[in-house]
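Architecture at a glance
Spelled out from the first residue to the last, the chains are:
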Amino acid sequence: MSATLSVRSSAPAAACSGCGSRSARVHGRYRRSLADSPVAGRAVKVVVTVRRFKCVNDACCQTTFSEQIPGLTSPFAGRTPTLTKELVSIALALAGRAGSRLATRLGMPCGRDLLIKLIRAQPAPEVPKVTVLGVDDFAIRRRHSYNTILIDMETHRPIDVLPDREAQTLADWLTAHPGVEIVCRDRGGAYAEGVRAGAPDATQVADRFHLWKNLCEAAQKTVVAHHGCLRQAARAEAEVQPEAEPDEHTPPPEIPGPPSRDYPLAARTRQRHADVRECLARGLSRAAVGRELNLDIQTVRRFADAATVEELLVKAEHRSSRLDPWRDMVNQHWNAGVTNAQDITAELRVLGFTGSIQIIRRYLRPLRPHGDGRKRGLGKSAPTIPAIPKPRQVSRWMLTHPDHLDEDDALGLKAAVSSCEHLERLHSHIRAFAAIMQQRRGADLPAWLDTVDSDDLPALHTLATGLRRDLDAVINGLTLEHNSGAVEGAVTRIKALKRQCYGRANFDLLRLRILLILDQRHVIVARAEIHERPQRPRGLLPLPERTVQRLLADPISGRHGMGGVFTWPCSGLSLGHGGSGGSEGGRRNSALVPLTVAEVRRLLAAGPARHVASMH
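Residues numbered from 1 in each chain as written. Predicted model: local features only at pLDDT ≥ 70, side-chain atom pairs only at ≥ 80, totals over all residues. Heavy atoms only, no water.

With that settled, the discussion passes to the overall build of the chain. The helix and strand inventory of the chain stands at 24 helices and 13 strands. Across the 616 residues in the chain, those meeting the buried criterion constitute 40%. Long-range contacts, defined here as pairs at least 24 residues apart, represent 62% of the contacts in the chain between residues at least 6 apart. Total accessible area computed for the chain in this model is approximately 35,200 Å², and 51% of it derives from carbon and sulfur atoms. (Helix = DSSP H or I, 4+ residues; strand = E, 2+ residues; numbered from the N terminus. Buried < 20%, exposed > 50% of the residue type's maximum accessible area, 1.4 Å probe, protein only. Contact = heavy atoms within 4.5 Å. Areas by Shrake-Rupley, 256 points an atom, 1.4 Å probe, with all protein chains shown as cover.)

Structure representation (C-alpha cells):
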C-alpha cells in the first residue's frame, strides 16, 4: 500500500541554476516522481509538475532550466530532502545491510549500496580549536592494523580519525592544528614521540586507568610467583593442629599438597620453555624464536618473561572454575562417605550450584582408587582444611579498596599477607600507590619507585623501570584532573560501529561514521542537558500561582477553594503563562504550583484553554 500526492509550484518565476537570474517565461512542463517519508507505515510518492523556464540572460550558458522547489526537490534526486535525512540517520546508525532491512520495514525501501553512498556524501565536521586533546588507538585488525581516534576532552566529542598510529602522523596533525596545550594518552611510545615533535610545549598526561592496569598485572605476577608460600603456610598450620582420634574405618585425612605435574600439559610446557630458553641463549630474537619453533610472538614473550617454568605451571593449574566456591562442601561430602558424583551434584544444585556433573567427576577422580572413577572403595580422603585461595583471588583482595571487602575476604587477605613477607610488602606497595593515585599526590611517585626498587619483587621492578621512562607524563597523570576516560568510551563505541560493517569498511567510510554518529550523539546529549528541567512528581503539572488563583476564582469551573490539591511555592522553574499577552508569561522564577492532571482536564473542560500554561 502506498499513497500518491500530485503537487505543483504556484510561484510565478524561478531562478536560473546557471546565472541566478529570475525568469517567468515558461518553456515547458514535465512530471517528476519523488519518494517521500512514509505516512502511517505506507510509502509516499510525490508527483511534481515541474516547469522548465527559458533564461532571460543572453550571456548565460543555459538556455532553459528546471525550477527547484525548496524543501521538496533537489537536482537529479529521486527523493525529498526529508526522506534523505531519515535515510542518512538510519545509515549512520546501522550501516548497509541492517539499515536497508529497517528502512524497508518502515516504508522507505532502499538498497545497502545507497545507504553507504549517502554516508560518503556527507561532509566531515570541521575540526574545532582544541586545548585538551585525547589520543588513543583502536584495532582494525588486531595485531596488524590500527587507527587513531582524537577526542576533544572538554566536549568529549571525536574530532578526527588518523589512518594509523605512527608518531609522524600524529606530529603532522598537531602541526596543522596548533593550540593544543594538554594531551591525554596511554603510555605508548609512538604517541609520546609524536606529541613531542608536533606540540613540544604541550603537557602530556598518562592515563590513570592504564597505570592501575599495569600495577594489577605486576601484582598478579608477584602473587603467582609466591603462591607456594600460601601452601606451605597451610601445611604448617595443619601440622600444629591437635590430631583427632583415628577411626579404623576412615583413612587419615590428607593435607592438600601441590598437584601432580606429570600430566601432558606440564610436560609440554616444560619442553616448550626449554626450547625457547635454548633459542634465546643462542642469540636469536623473539621473532626469530617464533619462526623457528612455529609459535606466536605472544607465546614466545610469555615463555621468555617467565623466570621459571613453575610460574607458567601455576597459571595453568589455578584457573578459575565454577566449583571453587563449593570445593569445601564437596570435600565434606566425600569424607562423610558420599562418593557418588550425581548425589553430590544434586545436593549442591539445591544450594545454587550451576555447574555440570562432569566438573564434580573430574574433581573426585584423583580421590578414587587408582584414579579410576569406575572402581568402588574408600580411596583417598579429601582435604579437610579450607581450600587455598587461587592467585587471582588473592590479587583481587589486594587490589580492592579495604572498605569494599567483606569480612571473609578481609580475613582471607590477612591470612595470605601474614603467610609470606613478599606478599606483605606487595600489599603495602599497592596501598601506597592507590593513595597516591586517589589523592592526586604525583610528587610522591619517585619516592614510591625508590621503595619498590629496594624490595625483592622483580615484577614491580619491571613496572618501575617502565614508569621511569615516561616519568613526567605519569606524574602529570597522578596529579592533574585530566584522564582518558572519554577516549576509552569512544573506543568502545567505535568497536560496535566497526563490527556493524563486519570489519570490512574502508577507512573513509569508518571515519565518517565515527565522526558523524558520535558527533550527532554529542549534540543530542547537549540538547538534553540544555532543556533539562527540575524533576517533578509524576502526574503533576506546574502552573504559575496567579494563574491557578484566577482559575479557582473562575465561576465557570465551580471549584472554589481546592485547598488540598496543590502546594506552593515551587520556585526554580521557568514555565510561563500560555497566553501571548499575559504578564505572567515573561516572569522567570515565578512561583509555580503543581496541579494534578485530572484537575487540569476538568479546568480545560470548564473554562477557556488560554488559562493553562505550557502543558507538556
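Having seen the model, we can carry on.
You can see Thr203 is positioned in strand β11 (residues 203–206). Residue classification places Thr203 among the partly exposed residues on the basis of a relative accessible area of 30%. Sequence separation between Thr203 and Cys184 is 19 residues, and the spatial gap between their C-alpha atoms is 8.6 Å. Not counting residues within four places of it along the chain, the set of residues in contact with Thr203 comprises Glu181, Ile182, Val183, Asn476 and Leu480.

Picture the strands of a sheet paired through backbone hydrogen bonds; they go either parallel or antiparallel. On the basis of which strands lie adjacent, the open sheet formed by 5 strands has the order β9-β8-β7-β10-β11 and mixed pairing. Both outer strands of the open sheet, β9 (157–162) and β11, are each paired with one neighbouring strand and no more. The mean inter-strand angle of the sheet, taken between neighbouring strand axes irrespective of direction, is 30 degrees. Sheet topology places strand β7 (residues 132–141) next to strand β8 (residues 145–152); 8 bridges connect them, and they run antiparallel. In the strand pairing of β8, Asp137 is matched with Thr148. Sheet contacts for helix α4 (residues 167–176): β7, β8 and β9; angle to β9, the most-contacted strand, approximately 125 degrees. (Pairing = 2+ DSSP bridges. Axes fitted to C-alpha atoms, helices over the stretch in contact; angles between N-to-C directions.)

So, on to the packing of helix α8 (residues 264–281) against helix α9 (residues 286–293). Across the interface, α8 lies against α9 with an axial gap of 10 Å and an inter-helix angle of 130 degrees. The angle between α8 and α9 places the two elements in the oblique class. Helix-helix and strand crossings are classified by hand; for α8 and α9 the assignment is right-handed. Only Arg286, Val289, Glu292 and Leu293 of α9 make contact with α8, whose side of the interface consists of Asp275, Val276, Cys279 and Leu280. (Parallel < 35°, antiparallel > 145°, perpendicular 65-115°, else oblique. Left-handed = near helix turned anticlockwise from the far one by under 90°.)

The end-to-end C-alpha separation of helix α16 (residues 407–418) is 17 Å, in line with the 16 Å expected for 12 residues at 1.5 Å each. Listing the buried residues of α16 in full gives Asp409, Gly412, Leu413, Ala416 and Val417. The buried residues of α16 all sit within an arc of 130 degrees when viewed along its axis, so they share a single face. Projecting away from the buried face of α16 at angles above 90 degrees are the exposed residues Glu407, Asp408, Leu411, Lys414 and Ser418. (Expected span 1.5 Å × (residues − 1). Arc of directions from axis to C-beta.)

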